[in-house]
Amino acid sequence: MGVFSVEDGTFRLDGAEFRVLSGAMHYFRTHPAQWRHRLAMLRAMGLNTVETYVPWNLHEPRQGEFRRMSELGDFLDAAAEAGLLAIVRPGPYICAEWDNGGLPAWLTGRIRTSDPEYLGHVDRFFDRILPQVAERQVTRGGNVIMVQVENEYGSYGSDHAYLRHLADGLRARGVEVPLFTSDGPADWYLTGGTVPGVLATVNFGSDPDRAFATLREHRPDDPLFCMEFWCGWFDHWGQQHMARDAGDAAAVLERILELGASVNLYMAHGGTNFGTWAGANQTGERAMGDWRPTVTSYDYDAPIDERGAPTEKFWRFREVLSRFAGEPPEVPPVPDVLPAATLRPVQSVSLREALEAVAGPEVSAPVPPSFEELGLEHGLVLYRGEVPGPRGAYRLRLPGLRDRAHVLVDGVLAGVFERDAEEPEVTVSGPATVEVLVESMGRTNYGPLTGESKGLTGGVLHHQQYLNGWSARPIPLEDVSAVPFADGVSSDGPRSFFRFELEVAEPADTFLALPDWGKGYVWVNGFCLGRYWAKGPQHTLYVPSPLLRSGTNDIIVLELDQPAPTLHLTPTPTLI
């Protein structure tokens, strides 16, 4: 049994004054077999606590269908074995550059409010996930010292009845340790996102004096805590790779500690947005501008990089932390990497030829159904409709496209459309059959546009006329085991699957490079690594060693735009 409390504006653990030195590491962004190494790296940097979000949509991808429910508890146990306390941020909204901010795509009701329909879904999820948090609190012999109420709610709304419902719900489900909120250091954040009786913390990347002064104005009796010290940043497809000078970040960390504050490094170890879990953001001060999808890597320019190696920032932070918390443990060895290699495909098949094996049942509707209406979280949908005729050639438009589409007219590619980009000039005369292969990317994870749907959300226009009467076939990308490959490379065109074989003597980490390929997805032994895209800045995909086996390994690539003859294994990532 233990006690973590706040007395006279100070954190105390079992009665002694205690400073929380935490680092963010998300259990869902690191392969479970690698948790212990990464947690040991946190300890070696000089931290005493690990923080993690809980992504609701990962655990309940379809309403009432729960999966991977033991992972949170297993991670907290691994942290305890590593000598780390834990902070848990269960949402229900988490942002985190995670698809839809962690909210399931199937949600009904008005999200992030006290709407009873929405709260009913939240309560059912909390009933399932919170017991493994409650039983691991320090008050019950575990390592959980704090639990968050929502996340950066002041950036979104001011429904204090909603926050109170969540806080009361955490207490009712056995959470005894201090509750907290986290928001930006400004009056509108802190008045909208906080709730009486719950600690307030602030998030920032620089100028801790100003940030903590603002927190003091609103919460003079709360301990100073930077719940997210943004020591790096994340990348968007087609944008510049984000990096922060290690010396600058270390100087800000030192100032936070000089002020007597507790801190959580966001991120200490970022990991990877495996599969289709990467989110997206909207540009502009109000987060309502152009849509920017997040890359597969969540390296975040963190002190511990994507494959668990220390960076210059790690050593700078370790030096700073040692001056405030004493000498940290030794640094664990860096994981091995495979030697460089070049692979050529051994089998292939076009997506059209594989359709019956990989697609769901066809649905007919007067207007194109959304991904959500088809029960599809992410992947592809092949829509098919007709242009009546005879009629002349008029421009085809896809208003409300989310997010990218290949348009084929009578089986021939006519153009590739992208969300928030200038539409290609595609004209169609009738009669004609129009097929639109729509790919979803990340759902917006921050701001007022969170909770979007995917697909042809604005229909299809031919000149000024909507085209009605559509069929739609969902193509989920979770399982590619049924792809009917043919020996040899019979297909060298876009919208095709390619299979490679990788011989491994002893599994080790590697990065998969796809020079000259266009855009698509990669699976290793059935596990989806995520998306790649030639526009960068990410040009390699991280392959954790636990995904590989001694002997022959299968690599499957779905290329949508332009295949190339080879793949390459490389020991280092390319983020430019």
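These notes cover the structure that comes with them.

Parameters at a glance
- Residues numbered from 1 in each chain as written.
- Predicted model: local features only at pLDDT ≥ 70, side-chain atom pairs only at ≥ 80, totals over all residues.
- Heavy atoms only, no water.
- Helix = DSSP H or I, 4+ residues; strand = E, 2+ residues; numbered from the N terminus.
- Buried < 20%, exposed > 50% of the residue type's maximum accessible area, 1.4 Å probe, protein only.
- Lys, Arg positive; Asp, Glu negative; His and termini not counted.
- Charge placed at Lys NZ, Arg CZ, Asp CG, Glu CD.
- Pairing = 2+ DSSP bridges.
- Salt bridge = Lys/Arg side-chain N within 4 Å of Asp/Glu carboxyl O.
- Axes fitted to C-alpha atoms, helices over the stretch in contact; angles between N-to-C directions.
- Phe/Tyr/Trp six-rings, centres within 6.5 Å; stacked < 30°, edge-to-face > 60°.
- Lys NZ or Arg CZ within 6 Å of the ring centre and 35° of its normal.
- Contact = heavy atoms within 4.5 Å.
- Expected span 1.5 Å × (residues − 1).
- Arc of directions from axis to C-beta.
- Polar contact = N/O pair within 3.5 Å; in protein donor to acceptor, adjacent residues only side chain to side chain.
- Parallel < 35°, antiparallel > 145°, perpendicular 65-115°, else oblique.
- Nonpolar A, V, L, I, M, F, W, Y, C, P; charged D, E, K, R; others polar.

1. Section: the overall build of the protein chain
(1) Moving on: The number of helices and strands found in the protein chain is eleven helices and 33 strands.
(2) Moving on: On the principal axes, the C-alpha backbone points of the protein chain span a range of 80 × 55 × 40 Å.
(3) Moving on: Buried positions account for 60% of the 576 residues belonging to the protein chain.
(4) Moving on: The protein chain carries 49 positive and 76 negative side-chain charges, and their two centres are separated by 2 Å.

2. Some remarks on the pairing of strand S30 (residues 527-533)
One face of the sheet, then the other: side chains in a regular strand alternate in exactly this way.
(1) Moving on: Burial within S30 is extensive, with six of its seven residues counted as buried.
(2) Moving on: Joining the antiparallel neighbours strand S29 (residues 519-524) and S30 is a turn of two residues, in which Asn525 adopts a positive phi near 50°.

3. Structural notes on the sheet that holds strand S2 (residues 10-13)
(1) Moving on: Taken together, three strands build an open sheet; the order of strands is S1-S2-S3 and the sheet is antiparallel. Every other strand in the sheet has two partners, leaving strand S1 (4-7) and strand S3 (16-17) as the edge strands with one partner each.
(2) Moving on: Inspection of the sheet shows S2 paired to S3 by two bridges, in the antiparallel sense. Counted as the bridge partner of Leu13 is Ala16 from S3.

4. A few points about the pattern of salt bridges
(1) Moving on: Within the structure shown, the criterion is met by 41 salt bridges.
(2) Moving on: The salt bridge involving Arg323 is made with Glu254; its shortest N-O contact spans 2.6 Å. You can see Arg323 sitting in helix H10 (residues 312-325) and its partner Glu254 sitting in helix H9 (residues 246-258), a full 69 residues away along the chain.
(3) Moving on: Between Arg352 and Glu435 there is a salt bridge, and its shortest N-O distance comes to 3.0 Å. Of this pair, Arg352 sits in helix H11 (residues 351-358) while Glu435 sits in strand S21 (residues 427-439); the two residues are 83 residues apart in sequence, bridging distant segments of the chain.
(4) Moving on: Note on Arg352: relative accessible area 48%, which makes it partly exposed.
(5) Moving on: Residue classification places Glu435 among the buried positions, given a relative accessible area of 5%.
(6) Moving on: Connected through salt bridges with shared partners, the residues Arg352, Glu362, Arg384 and Glu435 form a single ionic network.

5. Comments concerning the sheet that holds strand S10 (residues 225-230)
(1) Moving on: Read around the closed barrel, eight strands run S4-S5-S6-S7-S8-S9-S10-S11, paired in parallel fashion. For this sheet the average axis-to-axis angle between neighbouring strands, irrespective of direction, equals 30°.
(2) Moving on: As paired strands, strand S6 (residues 85-89) and strand S7 (residues 144-148) are joined by three bridges and run parallel to one another. Counterpart to Ile87 in the pairing with S7 is Met146.

6. Focus: the packing of aromatic side chains
(1) Moving on: In this structure the tally under the stated criterion is 32 aromatic pairs.
(2) Moving on: Here Trp233 and Tyr300 contribute two aromatic rings whose centre-to-centre distance is 6.3 Å and whose plane-to-plane angle is 50°, an arrangement assigned as tilted. In this pair, Trp233 sits in the loop between S10 and H9 while Tyr300 sits in the loop between strand S13 (291-293) and H10, placing the two residues 67 residues apart along the sequence.
(3) Moving on: Of the aromatic side chains, those joined through ring pairs into one cluster are Tyr53, Trp230, Trp233, Phe234, Tyr266, Tyr298 and Tyr300.
(4) Moving on: Of note, Arg29 hangs over the ring of Tyr298, and the distance from its end group to the ring centre comes to 3.6 Å.
(5) Moving on: For Arg128, the ring lying beneath its charged end belongs to Phe66, and the centroid distance is 4.2 Å.

7. Remarks on the environment of Leu253
(1) Moving on: Looking at where Leu253 falls in the secondary structure, it is placed in helix H9.
(2) Moving on: Through-space distance from the C-alpha of Leu253 to that of Trp230 is 9.9 Å; in sequence the pair is 23 residues apart.
(3) Moving on: Excluding residues within four positions of it along the chain, Leu253 makes contact with Phe229, Val263, Leu265, Phe317, Val320 and Leu321.

8. Some thoughts on helix H6 (residues 160-172)
(1) Moving on: The first and last C-alpha atoms of H6 sit 18 Å apart over 13 residues, in line with the 18 Å expected at 1.5 Å per residue.
(2) Moving on: Among the residues of H6, those classed as buried are Tyr162, Leu163, Leu166, Ala167, Gly169 and Leu170. Each buried residue of H6 lies within a common arc of 160° when the element is viewed along its axis, so the set occupies one face.
(3) Moving on: As for H6, its buried residues are in contact with helix H4 (116-129), S7, strand S8 (179-183) and helix H7 (187-193).
(4) Moving on: Phi for Gly174, located one or two positions after H6, is positive at around 95°.

9. Remarks on the side chain of Arg419
(1) Moving on: With respect to the helices and strands, Arg419 occurs in the loop between strand S20 (412-418) and S21.
(2) Moving on: Arg419 gets classed as buried once you look at its relative accessible area, which sits at 11%.
(3) Moving on: Here the side chain of Arg419 touches Glu452 through a polar contact of 2.8 Å, side chain to side chain.
(4) Moving on: Dropping the residues within four chain positions of it, Arg419 is found in contact with Gln282, Trp291, Leu401, Arg402, Asp403, Thr444, Glu452 and Lys454.

10. Overview of helix H8 (residues 208-218)
(1) Moving on: Every buried residue belonging to H8 is among Pro208, Ala211, Phe212, Thr214 and Leu215, and all of these are buried. Buried residues along H8 cover an arc of 155° about the axis, so they all sit on one side.
(2) Moving on: Where H8 is buried, its residues touch H7, strand S9 (199-204), S10 and H9.

11. What about the packing of H8 against H9?
(1) Moving on: At a minimum axis separation of 10 Å, H8 and H9 run at an interaxial angle of 40°. Classed by the angle they form, the pair H8 and H9 counts as oblique. Of the residues in H9, those in contact with Pro208, Asp209 and Phe212 of H8 are Val252, Arg255 and Ile256.
(2) Moving on: When grouped by side-chain class, the residues that make up the contact of H8 with H9 number four nonpolar, no polar and two charged.

12. Section: unusual backbone geometry
Most peptide bonds adopt trans geometry, and most residues besides glycine take a negative phi value.
(1) Moving on: Here the amide bond leading from Tyr266 into Met267 is cis, since omega sits at -5°, within 30 degrees of zero.
(2) Moving on: Take Met267: it is sitting in strand S11 (residues 262-269).
(3) Moving on: Of the consecutive residues Gly536 and Pro537, the connecting peptide bond is found in the cis state with omega at 10°.
(4) Moving on: Within the fold, Pro537 resides in the loop between S30 and strand S31 (540-543).
(5) Moving on: Of note, the phi angle at Asp420 is positive, near 60°, even though the residue is not glycine.
(6) Moving on: Inspection of the secondary structure puts Asp420 in the loop between S20 and S21.

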